[in-house]
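Next come the chains, spelled out residue by residue.
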Amino acid sequence: MKDTLRYLTGLSGPSGFGSNSTAEQVTQQIPSSITSNLTAIITGATSGIGAETARVLAMRGVRVVIPARDLKRAAGVRDRIRKDNPNAKLILLELDLSSFRSIKKFCIEFLNLRLPLNILINNAGKFNQMLELSEDKFEMTFATNYLGH
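Small disclaimer: the values here were computed from a predicted structure and weren't measured.

(A) Up close: helix 7 (residues 140-147). Buried residues of helix 7: Met140, Thr141, Ala143 and Thr144, and no others. Two to three positions downstream of the cap, the backbone nitrogen of threonine 141 sits 3.1 Å from a side-chain oxygen, assigning the N-cap of helix 7 to glutamate 139.

(B) Representation of the packing of aromatic side chains within the structure. On inspection of all chains with the given rule, the structure shows 3 aromatic pairs. Centroid distance phenylalanine 100 to phenylalanine 138: 5.9 Å. Interplanar angle 75°. Geometry classified as edge-to-face. Pair noted here: phenylalanine 100 is in helix 6 (residues 100-112) and phenylalanine 138 is in the loop between strand 4 (119-122) and helix 7, with a separation of 38 residues, a long-range link. Take phenylalanine 138: its relative accessible area is 32%, and that puts it in the partly exposed class. Judged by centre distance (6.5 Å) and plane angle (15°), the rings of phenylalanine 106 and phenylalanine 110 are stacked. Placement of both phenylalanine 106 and phenylalanine 110 in helix 6 is noted, with a separation of 4 residues, approximately one turn of the helix. What makes phenylalanine 106 buried here is its relative accessible area of 7%. Taking the relative accessible area as the measure of exposure, phenylalanine 110 reaches 7% and is therefore buried.

(C) Structural detail: the pairing of strand 2 (residues 63-68). Buried residues dominate strand 2, accounting for 5 of its 6 residues. Summarising the sheet, strand 1 (residues 39-43) and strand 2 pair through 3 bridges and their orientation is parallel. Within strand 2, the residue paired with threonine 39 across the bridge is arginine 63. Crossover connection from strand 1 via helix 4 (residues 48-59) to parallel strand 2: handedness right-handed. A crossover links strand 2 with its parallel partner strand 3 (residues 90-94), the connecting element being helix 5 (residues 71-84), and its sense is right-handed.

(D) Structural detail: the pairing of strand 3. Two strands pair when backbone bridges link them, and strand 2 and strand 3 are joined in this way by 5 bridges, in the parallel orientation. Across the sheet, valine 64 pairs through a bridge with leucine 90, a residue of strand 3.

(E) Representation of the sheet that holds strand 2. What the 4 strands build is an open sheet, ordered 3-2-1-4; its pairing is parallel. The open sheet terminates on both sides in strands that have one partner only, identified here as strand 3 and strand 4. For this sheet the average axis-to-axis angle between neighbouring strands, irrespective of direction, equals 20°. Both strand 1 and strand 4 contribute to a ladder of 4 bridges, which runs parallel. In the strand pairing of strand 4, isoleucine 42 is matched with isoleucine 121.

(F) Representation of a nonpolar patch on the surface within the structure. Residues Phe100, Phe138, Phe142, Tyr146 and Leu147 make up a contiguous nonpolar surface patch of roughly 480 Å² in combined accessible area. Relative to the assigned elements, tyrosine 146 resides in helix 7.

(G) Representation of the layout of surface pockets within the structure. Empty space within the largest pocket amounts to approximately 380 Å³. Around the largest pocket, the lining is made up of 19 residues, and of these Gly44, Thr46, Arg69, Ala124 and Gly125 lie nearest the centre. Elements with a contribution of two residues or more to the lining of the largest pocket: strand 2 and helix 7. Partitioning the lining of the largest pocket into residue classes produces 7 nonpolar, 7 polar and 5 charged. Approximately 220 Å³ is the volume found for the second largest pocket. Around the second largest pocket sit 14 residues that line it, and Ile41, Phe106, Cys107, Leu120 and His149 are the ones nearest its centre. Those elements that place two or more of their residues in the lining of the second largest pocket are strand 1, helix 6 and strand 4. Looking at side-chain class alone, the lining of the second largest pocket contains 10 nonpolar, 4 polar and no charged residues.

Definitions and cut-offs
- Residues numbered from 1 in each chain as written.
- Predicted model: local features only at pLDDT ≥ 70, side-chain atom pairs only at ≥ 80, totals over all residues.
- Heavy atoms only, no water.
- Buried < 20%, exposed > 50% of the residue type's maximum accessible area, 1.4 Å probe, protein only.
- Helix = DSSP H or I, 4+ residues; strand = E, 2+ residues; numbered from the N terminus.
- Polar contact = N/O pair within 3.5 Å; in protein donor to acceptor, adjacent residues only side chain to side chain.
- Phe/Tyr/Trp six-rings, centres within 6.5 Å; stacked < 30°, edge-to-face > 60°.
- Pairing = 2+ DSSP bridges.
- Right-handed = clockwise from strand over helix to strand, strands pointing away.
- Axes fitted to C-alpha atoms, helices over the stretch in contact; angles between N-to-C directions.
- Patch = residues over 30% accessible without salt bridge, like charges linked within 9 Å, V, L, I, M, F, W, Y side chains within 5 Å.
- Areas by Shrake-Rupley, 256 points an atom, 1.4 Å probe, with all protein chains shown as cover.
- Salt bridge = Lys/Arg side-chain N within 4 Å of Asp/Glu carboxyl O.
- 1 Å grid on protein atoms, 1.4 Å probe; cavity = no way out; pocket = protein on both sides within 12 Å on 5 of 7 lines; lining within 4 Å.
- Points joined across faces, edges and corners; volume = space filled by probe spheres on them.
- Nonpolar A, V, L, I, M, F, W, Y, C, P; charged D, E, K, R; others polar.

So, in structure tokens, the structure goes:
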């Protein structure tokens, strides 16, 4: 109960951060000498928490790979990030997490970049109210949220 109240009121925990802390505050103390050599893949980075995570990691010097079903949306995120951070290292690659064919293609393309993978953030998610099957004949929510990652 005490932890729940601390969370709801935004009080800092042992880390010094609480539920009101921003990504910028949490990453502020990380030296750029560390982050400039890192590569992150963030699924679901075309909106919401994923886009904000991509923005802050790019601001800290991390090379960010943004996999996306819709490369036009990903380009919009890239452009917004580069508006404030022209030197951001961003790579857009096509990926549909509900398709094993697309996942394999993404993996080959990423490996061909010869970059390390230091950070993997599995943020993408989907929910369908109606039954829909992926091209691999799995229920779409399960295929995207579990099998894809």
